[in-house]
Every structure is written in structure tokens, then in C-alpha cells.
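Given next are the chains, with one letter for each unit.
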Amino acid sequence: MTQTLEDLLDALEDVDDATREEAAKALAERAEPSTLDALIRACGDDFWSVRAYAGCGAAKISGPKASACSTIPSWRSGTKSSMRCPQWDR
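Just so it is clear, the structure is predicted and the values come from calculations on it, not from any experiment. (Residues numbered from 1 in each chain as written. Predicted model: local features only at pLDDT ≥ 70, side-chain atom pairs only at ≥ 80, totals over all residues. Heavy atoms only, no water.)

Let's talk about the environment of Trp 48
Here Trp 48 is to be found in helix α4 (residues 48-61). With 27 residues separating them along the chain, Trp 48 and Glu 21 place their C-alpha atoms 8.9 Å apart. (Helix = DSSP H or I, 4+ residues; strand = E, 2+ residues; numbered from the N terminus.)

Structural data, given as C-alpha cells:
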């Protein structure tokens, strides 16, 4: 079943870490410019993988506003070894 952007944005605010993680991952894969603000907010999430996926999604969208994720210290506190984002290799 395909989730709408609205469903994913709602899931990004869920109390469950795994739900937020899956939403951030799906939003990062889609890289829709309309989700940039939500992804930037998610760069401050308590769960490291949500921050990582959100940062990846923001990097894919790019632009001056997207650089906000790289300035949030908590974004880099997780490990990226089990996750792949092409922007990390640049």
C-alpha cells in the first residue's frame, strides 16, 4: 500500500521511534521539496536514525534551507554505517 505524503508527514510526528524512522526513510527516498521543513524539524529528533534519514532527505532536496540539518549537532551523533545516503559520499 502506497502512503501519501500527508500520511508520512503525520507518521514523522508519531510517538513510536520505528514509525518515525520509516516515515523519515520514505520521505528521504521521495525527496519532495514540499517536505523540506518537516525533514529539517526531524533533524532534531531524539532517535538517531530519524535524524540520519531526515538529514539525507534534506541533502537530496538541497538548497540553502536544507543546510540547516548539518548545523544541528545531534544529527551527526548517530552512526551512518548501516545506512546509505549518496550525499554522505561527497
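Overview of α4
Taking 1.5 Å of rise per residue, 14 residues should cover 20 Å, and α4 covers 20 Å from first to last C-alpha, within 8% of that figure. For α4, the set of buried residues is Ser 49, Val 50, Arg 51, Ala 52, Tyr 53, Ala 54, Gly 55, Cys 56, Gly 57, Ala 58 and Ile 61. Elements that come into contact with the buried residues of α4 comprise α2 (17-30) and α3 (36-42). Just downstream of α4 lies Ser 62, where phi reads positive at about 70 degrees. (Expected span 1.5 Å × (residues − 1). Buried < 20%, exposed > 50% of the residue type's maximum accessible area, 1.4 Å probe, protein only. Contact = heavy atoms within 4.5 Å.)

Observations regarding the packing of α2 against α4
Following both chains from N to C, one finds α2 and α4 inclined at 15 degrees, their axes separated by 8 Å at the closest point. In this view, α2 runs roughly parallel relative to α4, as classed from their interaxial angle. The way α2 lies across α4 gives a crossing that is left-handed. Touching Asp 17, Arg 20, Glu 21, Ala 24, Lys 25, Ala 28 and Glu 29 of α2 are Ser 49, Val 50, Tyr 53, Ala 54, Gly 57 and Lys 60, all from α4. Here the contact of α2 with α4 is composed, by residue class, of 5 nonpolar, 2 polar and 6 charged. (Axes fitted to C-alpha atoms, helices over the stretch in contact; angles between N-to-C directions. Parallel < 35°, antiparallel > 145°, perpendicular 65-115°, else oblique. Left-handed = near helix turned anticlockwise from the far one by under 90°. Nonpolar A, V, L, I, M, F, W, Y, C, P; charged D, E, K, R; others polar.)

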